[in-house]
Amino acid sequence: MKQVGPGDEAPATRGAYIGVVLALSLSIVAGLALAVVYSLGGQPQLEGLLLAVSLLGIGVGMVIWAKRFLPNDEVEEERHPLASEPEEVADVAREVARGEEAIGSRRLIVGLIAGGLGALGLALLFPVRSLGPRPGRGLFRTEMAEGRRLVTAEKKPVRPDDVPISGVLTVWPEGHEEAADSSTLLIRVEDESLFREGVKRAWTVGPVVAYSKLCTHTGCPVGLYQAEEHLLLCPCHQSTFEVLAGARPIFGPATRALPQLPMGVDEDGFLVAKGDFEHPVGPGFWNRSR
Amino acid sequence: MSSKKEKKEKRSRVARTASFVDDRLGMAKFARTALRKVFPDHWSFLLGELALYSFIVLLLTGVYLTFFFDPSQAEAVYEGKYEALNGVPMTRAYKSALELSFDVRAGLVMRQIHHWAAVVFVAAMVVHLARVFFTGAFRRPREINWIVGVTLLLLGIGNGFAGYSLLDDQLSGTGLRIAYSIVLSIPLIGTWITSLLFGGEFPGPDIIERLYVIHILLVPAIIIGLLAAHLAMVVRQKHTQFTGPHRREDNVVGERVWPTYAVKALGVLFITTGVLAALGGLAQINPIWIYGPFDPAEVSSASQPDWYVGWLDGALRVMPAWELRAFGFELPNPFFPGVLLPSVTFGLMYAWPFLEARWTKDRDDHHLLDRPRDRPVRTAFGVATLAFYIVLFMGGASDVLATTFGLSVNQLIWAIRVSLLLVPIAAGLIALRLCRDLAARDVEPPEEPSHHAPRGDDLDGTGADQPTNGDRGSTLETDPVLVREALESKIQ
């Protein structure tokens, strides 16, 4: 290692010295003030500010000190080739070979150890299986079923007239208000004659139509209804669905329409499901058959 | 006299301790090497340090947060100082995060410093990676460290996402749902992975408890291990250096660790922490009390993830409505932007040192760094790639941008789709042009053939201290002109 020259740092001046002393003193004051603020009940902004000053004081003081007052000469260090010498490599190879010979002479034992480790590895995979249930039919169905009333978050059943005109209402199958995959949007358009191809008219009740609330893209709730254009908008990735045409996607990354819920009314005039959704709801998966 | 004596005694106490350790472990040789270790000085070598220091802040604040946070999806009711949510049913995770923010003294500052540190951690890693890329520091013999570094970035992004997903507020729940749908889109195993990870169909009963273990134990442990390896490799291989007086392939010129470099580095650690503390105290981040507890049936508009996931969210938004369907199976739309794009992104990053070596046929050791202008094609490619992800990032803010500038979201998405093709090409071409112009300006005097670039080892363009080939005396060195010619011929 040899010295190749002085660094190009600025000189140690009186001003720099005062700077270091000031920074470190400020740090001490801020540290003590932080203790006071905390004991007086704490205040997030002040706490952050004082902590910052106390840390910055130390940091700035140290950096000025190092740059101005500590030796900063440049030195040169040699770089040696990283790869080992050929003799060393040969030595290692010999050592490995020596062991290999001894080990390799008992092929059966080596084979059995390999087999044992393989079986052990396989066995250790099984506890992973305990982490969750088999992905069975759950993805294909919801809690919607024939005759189940559609209820609001407050568990109140809904009559067609309870849905505001040009408005939406989120409902669940009665008794399953927590089921994330079953949330459904009731939409009441101005007049049922507005429904076009794509809407299954047998499943609407007058001007009220029910679609799954889960976006078919990544499953966000399709929460925004633009009543004038009759469009449902997903706030996550801006997929847009045309309510009057069976909620088919007209913009954004969604590829499939929001599944429509078969809906009717029971003898008391409340809206009920007439069965599960026509297609699996929410985001796609590999074996989701249309 | 007496004070001098005291001093002498003090020093001898230090010496006695040192000799106690050395008698038992024999550390003197190691300590000598460590204290004399030489580090080249350049502002851009500080970027990795910033990431390291942010990570230290993450560990310290994170440990504090674990003493108060309860990662449970059990139901609870908040009763505390934040009146707007008093009596609202929620999970214990969200409740304890609220209490941490309002009812634990110094809790909010710690939480916000932690979040800001995460934001800065990933940012510092990305800028550090860009520095390493544009200066060619990933070349042989540092390919392994490049791979470790890319893995650290991947883990940092993943753990950041896991971290803010723990709080079970409306925003984090929405993020988890999108993550669920992305994983669900993987062919054959997607349904299994989501079920095992979430403990069932979304939202799943176990996801927060599991993310918690992943976030505070599993990933940090791996990060610490890889970080140690990352730094050990820098020590073993010695730091790269820019060209300059006395700097050659077979040496390293800079400051010794002890005392100046060590004090400076420690000072930077305190400054980094101080800036993070100021941000944590003064700049609100992730105000979960505004978002409210997660309700799967609700979502707020303008749901933006942390910045380092923004490109992914943007990719999901601008992806056209395509899906593949064959033999009754489907490849859902989120697979392309959510699984394929990140796989290609990180796959390319991992492979880059080997791809470039193959392309330039340059398989020599390199300890002297390139200036970006000296490798126009690499620089242009890097700039184009960065531009691509910045446009995607803008796509992630499409709704916010549309509202801000009074545009329709549809127009904006189309603008971003077009930009995604055009902007990277334009940025790459501009970068290429700039590199060439800058490099051409360096050629002085113009005795060399005109299409030739400057000598790679005369990068300050002054011609001063130009080492002769004999001076370089290294068999490791490649001829920059040859490499350059190879590169140029590729372009033309």
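Whatever comes next refers back to the structure up there.
Quantities reported herein were computed from a predicted structural model and do not represent experimental measurements.

### Details of the state of the cysteines
Residues and elements named next belong to chain A.
Part 1 of the argument: Enumeration according to the criterion identifies one disulfide over all chains in this entry.
Part 2 of the argument: Here Cys220 engages in a disulfide with Cys236; their sulfurs sit 2.2 Å apart. Between Cys220 and Cys236, the S-S torsion sits near -90°, and that sign places the bridge as left-handed. Of this pair, Cys220 sits in the loop between β6 (208-212) and β7 (224-226) while Cys236 sits in the loop between β8 (231-233) and β9 (240-242), and the two are 16 residues apart along the sequence. Pair check on accessibility: Cys220 and Cys236 agree, each one buried.
Part 3 of the argument: Summary of cysteine pairing: Cys215 is not part of a disulfide, and the nearest cysteine sulfur, belonging to Cys234, is at 4.0 Å.

### Considering the packing of helix α13 (residues 335-360) of chain B against helix α14 (residues 376-396) of chain B
Residue and element names in this part refer to chain B.
Part 1 of the argument: Packing of α13 against α14 leaves a shortest axis separation of 13 Å and a crossing angle of 175°. Considered as vectors, α13 and α14 are oriented roughly antiparallel to each other. Contact residues: α13 offers Leu341, Thr345, Trp352, Glu356 and Trp359, while α14 offers Val377, Arg378, Phe381, Phe388, Tyr389 and Leu392.
Part 2 of the argument: Along the lines of polarity and charge, the residues of the contact of α13 with α14 split into eight nonpolar, one polar and two charged.

### Focus: the sheet that holds strand β4 (residues 168-173) of chain A
All names here are of chain A.
Part 1 of the argument: Here we have four strands laid out as an open sheet, ordered β3-β4-β5-β6, and antiparallel in their pairing. Each edge of the open sheet carries a strand with a single partner, namely β3 (150-151) and β6.
Part 2 of the argument: With four bridges connecting them, β4 and strand β5 (residues 184-188) associate as antiparallel partners. From the neighbouring strand, Thr170 faces β5, where its bridge partner is Leu185.

### Some words on the nonpolar core
Part 1 of the argument: Ranked by internal contacts, the top residues of the largest apolar core, which has 88 residues, are Leu98, Leu153 and Leu392 of chain B.
Part 2 of the argument: Here the element with the most residues in this core is helix α5 (residues 107-134) of chain B; it accounts for 16 residues.
Part 3 of the argument: Among residues more than four places away in sequence, those in contact with Leu392 of chain B are Gly310, Trp311, Gly314, Ala315, Val318, Leu341 and Leu420 of chain B.
Part 4 of the argument: Val189, Cys220, Leu244 and Ala254 of chain A belong to the second largest nonpolar core, which has 30 residues in total.

### Remarks on the pairing of strand β10 (residues 248-251) of chain A
Residue and element names in this part refer to chain A.
Part 1 of the argument: Direction of pairing for β9 relative to β10: antiparallel, over a ladder of three bridges. Following the sheet pairing, Glu242 is matched in β10 by Arg248.
Part 2 of the argument: Between the antiparallel neighbours β9 and β10 lie five residues, among them Gly246 with a positive phi of about 75°.

### Structural notes on the environment of Gly244 of chain B
Part 1 of the argument: Summarising the element assignment, Gly244 of chain B is placed in the loop between α9 (207-237) and β4 (251-256).
Part 2 of the argument: Linking Gly244 of chain B and Leu368 of chain B, residues 124 residues apart in sequence, is a C-alpha distance of 9.5 Å.

### Focus: the packing of aromatic side chains
For any pair of aromatic rings, geometry is given as the distance between the ring centres together with the angle between the planes.
Residue and element names in this part refer to chain B.
Part 1 of the argument: By the definition in use, this model includes 24 aromatic pairs over all chains.
Part 2 of the argument: Ring geometry for Phe133 against Trp352: centres 5.4 Å apart, planes inclined by 50°, an arrangement best described as tilted. Of the two residues, Phe133 sits in helix α5 while Trp352 sits in helix α13, which places them 219 residues apart along the sequence.
Part 3 of the argument: For Phe133, a relative accessible area of 9% translates into the label buried.
Part 4 of the argument: Look at Trp352 and you get buried, because its relative accessible area is 9%.
Part 5 of the argument: On the basis of an interplanar angle of 75° and a centroid distance of 5.5 Å, the ring pair of Phe161 and Tyr164 is categorised as edge-to-face. Highlighted residues: Phe161 and Tyr164, both in helix α6 (residues 143-164), separated by three residues, approximately one helical turn. Like Phe161, the residue Tyr164 is buried in the burial classification.
Part 6 of the argument: Three or more aromatic residues joined by ring pairs make a cluster, and in this case those are Phe133, Phe134, Phe138, Trp146, Trp352 and Phe381.
Part 7 of the argument: Here Arg24 stacks its cationic end above the ring of Phe20, 3.7 Å away from the centre of that ring.
Part 8 of the argument: Lying across the ring of Trp414, Arg417 places its NZ or CZ 4.7 Å from the centre.

Analysis parameters
Residues numbered from 1 in each chain as written. Chains lettered and ligands numbered in written order. Predicted model: local features only at pLDDT ≥ 70, side-chain atom pairs only at ≥ 80, totals over all residues. Heavy atoms only, no water. Disulfide = S-S within 2.5 Å. Helix = DSSP H or I, 4+ residues; strand = E, 2+ residues; numbered from the N terminus. Buried < 20%, exposed > 50% of the residue type's maximum accessible area, 1.4 Å probe, protein only. Axes fitted to C-alpha atoms, helices over the stretch in contact; angles between N-to-C directions. Parallel < 35°, antiparallel > 145°, perpendicular 65-115°, else oblique. Contact = heavy atoms within 4.5 Å. Nonpolar A, V, L, I, M, F, W, Y, C, P; charged D, E, K, R; others polar. Pairing = 2+ DSSP bridges. Core = buried A, V, L, I, M, F, W, Y, C linked by side-chain atoms within 4.5 Å. Phe/Tyr/Trp six-rings, centres within 6.5 Å; stacked < 30°, edge-to-face > 60°. Lys NZ or Arg CZ within 6 Å of the ring centre and 35° of its normal.

Distances and angles like these do not, on their own, reveal function.
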